[in-house]
Amino acid sequence: MSSNMLSLRRVKKYYGANKVLDGINLDIKNGEILGIIGPSGSGKTTFLRTIIGYIKPDSGEIIFHDKSKEVDILKNPDWIKKKYGFASQHASFYLKLTVVENLDYFGSLYKLSKEEKTKNINTLLELVELDHARNILAKNLSGGMQRRLDIACSLIHSPDILFLDEPTSDLDHVLAKNIWALVKKINKKGTTIVVASHELAEMETLCSRIGILHHGKFQHLGTIGELKKLIPNEQEIHIQTYPGDYDKIIQYLNEGSILKIENKISSLVIYTKSPQNVLKNLLILLPKTGETLLDIKITKLQLSDVFTTVTKKK
């Protein structure tokens, strides 16, 4: 059995002269959470909708690896629908139906038996923590509850792979955290997940691999550790002192591992690959300059740094 669930080969999608997808090659692995990031307008939504068959590519192939056989999704659209779950940025449930009625309706679309629907509905209501709201009209749910209902509707037929397009858009920080926790829970139950999002901090901890989509191609694809190797492995030391004569401190600093120093007026930022050495020298140096340490923190390299560097180059 292949370790890959889906394989995209030379997939292209143009809108006029605009190359939205320009020869995409990608393998999506069984059981992973694959994150898709990119600047606004980079084609993340088009990419997801092309994979699920909603948009027909101009060329290329998308193959689903189903146990011992390979299925061309473009030639078998009805068959593949049973394997896919998709939740877009905009809710697809019906506001005038209750939670249970929505799930029952979507279960009917997949021709589930009454027994299957009942079982799946009860399982999903527990999974997304909406059992207490099963008889509430969807329009009366909070924003976070509506998002959970939308995800539940996309899972009613027990798909092998779930596609999520900006699942936390328009949600506050607390509600977004709940959605990310739900995504992890779904994945742990065995569902492969592909998620597009601009929430880089959450994607960094959530995803097993991340692809940076820019100018129609995946400029880079890998684990967060692999992506961070794309840029210099430097860390930032932010210090605040009193009275804050940072130019004077800079004159005394002679640590060889310092890459760059910036006087931000309200703080001093030191870029280095060896923060432990710089910190040691700083603690010795500051009393000599007459400065009192008020605050200090070390900022490690993040996915947002990689994203900014990669997209600026192109």
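Described below are features of the structure shown in this document. Values in this document were obtained by computation on a predicted structure and should not be read as measured data. (Residues numbered from 1 in each chain as written. Predicted model: local features only at pLDDT ≥ 70, side-chain atom pairs only at ≥ 80, totals over all residues. Heavy atoms only, no water.)

So, about the sheet that holds strand 1 (residues 4–15). Taken together, four strands build an open sheet; the order of strands is 2-1-4-5 and the sheet is antiparallel. The sheet terminates laterally at strand 2 (18–29) and strand 5 (69–72), the two strands that pair on one side only. Geometrically, the sheet is characterised by an average inter-axis angle of 20° between neighbouring strands, direction not taken into account. The sheet contact formed by strand 1 and strand 2 spans nine bridges and is antiparallel. Residue K12 lies in a different strand from strand 2, and its bridge partner there is D22. Across the sheet, helix 1 (residues 44–51) touches strand 1, strand 2 and strand 4 (59–66), and the angle it forms with strand 2 is around 60°. (Pairing = 2+ DSSP bridges. Helix = DSSP H or I, 4+ residues; strand = E, 2+ residues; numbered from the N terminus. Axes fitted to C-alpha atoms, helices over the stretch in contact; angles between N-to-C directions. Contact = heavy atoms within 4.5 Å.)

With that settled, the discussion passes to the nonpolar core. In this structure, L103, L149, I151 and V195 are the most contacted members of the largest nonpolar core, which totals 48 residues. The contacts of V195, once residues within four sequence positions are left out, are I33, L34, G35, I36, L164, P167, W180, M203, L206 and C207. With 26 residues, the next largest nonpolar core counts I24, L34, I80 and Y84 among its residues. (Core = buried A, V, L, I, M, F, W, Y, C linked by side-chain atoms within 4.5 Å. Buried < 20%, exposed > 50% of the residue type's maximum accessible area, 1.4 Å probe, protein only.)

So, about the pairing of strand 9 (residues 209–214). With six of its six residues buried, strand 9 lies for the most part within the structure. Of the two faces of strand 9, the one carrying R209, G211 and L213 and the one carrying I210, I212 and H214 are both buried. When strand 3 (residues 33–37) meets strand 9, the two strands line up parallel, connected through four bridges. Bridge pairing in strand 9 links I37 to I212. Where strand 9 lies against strand 10 (residues 217–222), five bridges are found, and the strand directions are antiparallel. Looking at the pairing, G211 lines up with L221 of strand 10.

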